[in-house]
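Understanding the architecture of this molecule
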Amino acid sequence: MKEKFKIALAQISCKCGDKTANIKKIQKLISKAKEQAADLVIFPELSLTGYVVRDQIYELAETIPGPSTKIIEGITRKTNMHVIFGMPELSEKTQAIVYNSAALVGPNGFIGKYRKMYLPTHSVFEEKRYFRPGYQTAVFDTKLGKIGLIICYDIFFPEVSRLARLAGAQLIVCISASPTVRKAFFEALTTARAIENTAFLAYVNLVGIEDGLQFWGGSRLIGPNGKILAQAKYDEEDFVTCDVDYTDIRPVETFVPTLKDLRPELFDKLKEAAENL
Amino acid sequence: MELAPSVLDLNWQEVKMKIIRFIKDYFERTRAKGIIVSLSGGIDSSTVAALSALAIGKGKVFGLMLPEKETYNAKDVKHAELIAKKFGLKKERIDITPTLEAFYNSIPIFDPADNLCKGNIKARTRMVYVYYYANRLNMLVCGSSDKSETMMGYFTKWGDVAADISPIMDLYKTQVRKLAYHIGIPKEIVEKPSSPALWPGQFAETELGIKYEQLDLVLYGLEHFMKAEEIAGQLGIGKGLVEKVKRRWLATEHKRRMLLTTKIEYRTVGADFRLPRNTP
């Protein structure tokens, strides 16, 4: 396992409903990441299809693994890269259950997937109308260490990234489709999740305008001490690379021992309180 | 939440850029050749025309001036010309009086004393001209409605509000004023009293019965789920006035939505056909 490697934050805009065009863009940027000696390249939430596809989601969703992940697998095998991207996932068991998922594909093919647990359905968001929530956290043991996946609104709920960290995640990856009005929230929360978990956190957000909704970009890599190690531009496509060095985790874990100081009994109280809101 | 005027403050450079990106993005997707704005010489259409020019370039924005005899105001025409010159718009001025008179004379039940019905003919006639130009020249229609008048239903259904995009519809009037200053709209245009100019002597604040400075804070409170008592208490105005604004806002929802039908079949236009715009 590599302790030190380079990751690329591929902050893209998508062509809504056009998987072929989006895969082409993804492929191009995997090559670019390879040229820049990156080992992992991360794309935003639902980057296979675009975020605002509404009822088209039923035609666009695919199983994971499925046709699109197979194409990405072909690319990662050839380039010896790891790739994380978002897509609508069709359940293998029914024709109309769709998940908002993240797929992790590596040099040896498909590694794993995560299904978004918290689906925003308020303001401009209508995710519960289309998606079933996931029920499992996802942490994968890879050649690049343990990688935990979360998606966008999950970050408002510290338990999702905390569970990933408790399962050993050294790098938490949050793929996102966050509109501009939420920028301040995400900037605070991405830093908070990195600090409270003493882990690296990579946040990759969408850009572009979909059905009037503007996405703000601002993708970033945050170190376990909360330091912003790389920051992509706001409001436009960008591609930034940055080194991750897991040996940076230990000094922070010692200095701010949040995991050592965890109080499990409080989670029981939290459960009780949440059940009686 | 405190309803101080500062709640309406935004980073105007960010707002400007957001709107410019929005106009440019939509324009490029549609492959239209330009943008047409009905240029009245007022603050809203001046701001939208200027932002359009900043978004897609001078010479691609067409300002159509459509004055008519009854409400003709030389100052408004001068202001429209000023904006066209300052932001490099193509322009054309057409006196729509003969068209309006043809309507008046051909409607058996026409009542010249009914200002509202007559005024709506003017707004809808302008819409016909603007859309003819848009069709003929392959241009997009950029609307000028702001959030205050949209929430109050203070517009003509299928008239002045008709457009392909409405870039300032999420900004209250007092916010549009600040944005207008920021992008260089002349003071004389920003500060003149707003008027839809559907009949002589018509002014928005008189008709709405409230100053925009106050109305915008009431609407902001309603937008943020505040109760009428709370808004009235904070602004030091009567609860009755807040309730009147609220009633008008709720009663005019029919003007802000399109194509109401009753559900009969599996998926219904305007209800549960939920499709994105600009599908490839």
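Our structure is the block above this text.
Predicted, not measured: the structure shown is a model, and the values here were computed from it.

1. Comments concerning the overall build of chain B
- In terms of regular secondary structure, chain B is built from 13 helices and four strands.
- Relative to the compact-globule value of 19 Å for 280 residues, chain B shows a C-alpha radius of gyration of 19 Å, a close match.
- Dimensions of chain B along its principal axes, counting C-alpha atoms only, are 55 × 50 × 50 Å.
- Expressed as a percentage of its 280 residues, the buried residues of chain B come to 35%.
- Of all intrachain contacts in chain B linking residues separated by at least 6 positions in sequence, the fraction that spans at least 24 positions is 72%.

2. Observations regarding helix 3 (residues 67-79) of chain A
Residue and element names in this part refer to chain A.
- When the terminal C-alpha atoms of helix 3 are compared, their 19 Å separation across 13 residues agrees well with the 18 Å that a helix rising 1.5 Å per residue should span.
- Turning to helix 3, the residues buried within the fold contact helix 1 (19-35), strand 3 (82-90), strand 4 (98-106) and strand 5 (109-115).
- Looking one or two residues past helix 3, asparagine 80 carries a phi angle of roughly 60 degrees, positive in sign.

3. Considerations on the sheet that holds strand 4 (residues 139-141) of chain B
Residues and elements named next belong to chain B.
- Reading across the sheet, the four strands line up as 3-2-1-4 and stay open at both edges, with parallel pairing between neighbours. Among the strands making up the open sheet, the edge pair consists of strand 3 (90-93) and strand 4. Adjacent strand axes in the sheet meet at a mean angle of 25 degrees, parallel and antiparallel pairs treated alike.
- Relative to strand 2 (residues 61-65), strand 1 (residues 34-38) is paired through four bridges, and the arrangement is parallel.

4. Re the pairing of strand 6 (residues 138-142) of chain A
Residue and element names in this part refer to chain A.
- The element strand 6 is largely enclosed, with a buried count of four among its five residues.
- As defined by bridge partners, strand 6 adjoins strand 7 (residues 145-151) across five bridges and the pair is classed as antiparallel. Within the sheet, the bridge partner assigned to threonine 142 lies in strand 7 and is glycine 145.
- Hairpin geometry of strand 6 and strand 7 is characterised by an intervening segment of two residues between the two adjacent antiparallel strands.

5. Thoughts on the packing of helix 2 (residues 43-56) of chain B against helix 7 (residues 173-183) of chain B
All names here are of chain B.
- Put simply, helix 2 and helix 7 touch, their axes get as near as 10 Å, and they point 45 degrees apart. Between helix 2 and helix 7, the crossing angle belongs to the class labelled oblique. Here the hand of the crossing between helix 2 and helix 7 comes out left-handed. In contact with Ile43, Asp44, Ser46, Thr47, Ala50 and Leu51 of helix 2, helix 7 contributes Val176, Arg177, Leu179, Ala180 and Ile183.
- Per-class residue counts for the contact of helix 2 with helix 7 are seven nonpolar, two polar and two charged.

6. Quick word on helix 8 (residues 264-275) of chain A
- Taking 1.5 Å per residue as the helical rise, helix 8 of chain A with its 12 residues ought to reach 16 Å, and the 17 Å between its terminal C-alpha atoms agrees with that figure.
- For helix 8 of chain A, the buried fraction is low: zero of the 12 residues fall into the buried class.

7. Structural notes on unusual backbone geometry
- With an omega dihedral of -5 degrees, the bond running from isoleucine 64 of chain A to proline 65 of chain A counts as a cis peptide bond.
- Along the chain, proline 65 of chain A turns up in the loop between helix 2 (57-60) and helix 3.
- A positive phi angle, close to 55 degrees, is found at asparagine 138 of chain B, a residue other than glycine.
- Examined against the element boundaries, asparagine 138 of chain B turns out to sit in the loop between helix 5 (115-137) and strand 4.
- In the Ramachandran plot, tryptophan 158 of chain B falls in the positive-phi region, its phi being about 60 degrees despite a non-glycine side chain.

8. Focus: the environment of asparagine 80 of chain A
- In this structure, asparagine 80 of chain A sits in the loop between helix 3 and strand 3.
- For the pair asparagine 80 of chain A and proline 120 of chain A, spaced 40 residues apart in sequence, the C-alpha to C-alpha distance is 35 Å.

9. Quick look at the nonpolar core
- Among the nonpolar cores identified, the biggest contains 83 residues, and Val41, Ile42, Ile84, Val173, Cys174 and Ala202 of chain A are the most heavily contacted of them.
- No other element matches strand 4 of chain A, which puts six residues into this core.
- Ignoring any residue separated from it by four or fewer positions in sequence, one finds isoleucine 84 of chain A in contact with Ile42, Phe43, Ala102, Leu104, Leu149, Val173 and Ile175 of chain A.
- Residues Val48, Ala50, Ala123 and Tyr212 of chain B belong to the second largest nonpolar core, which totals 62 residues.

About the cut-offs
Residues numbered from 1 in each chain as written. Chains lettered and ligands numbered in written order. Predicted model: local features only at pLDDT ≥ 70, side-chain atom pairs only at ≥ 80, totals over all residues. Helix = DSSP H or I, 4+ residues; strand = E, 2+ residues; numbered from the N terminus. Rg over C-alpha atoms; globule rule 2.2 N^0.38 Å. Buried ≥ 20, exposed ≤ 12 C-beta atoms within 10 Å, placed from the backbone. Contact = placed C-beta atoms within 7 Å. Expected span 1.5 Å × (residues − 1). Pairing = 2+ DSSP bridges. Axes fitted to C-alpha atoms, helices over the stretch in contact; angles between N-to-C directions. Parallel < 35°, antiparallel > 145°, perpendicular 65-115°, else oblique. Left-handed = near helix turned anticlockwise from the far one by under 90°. Nonpolar A, V, L, I, M, F, W, Y, C, P; charged D, E, K, R; others polar. Core = buried A, V, L, I, M, F, W, Y, C linked by C-beta atoms within 7 Å.

So far we have only geometry, and geometry alone does not tell us how the molecule works.
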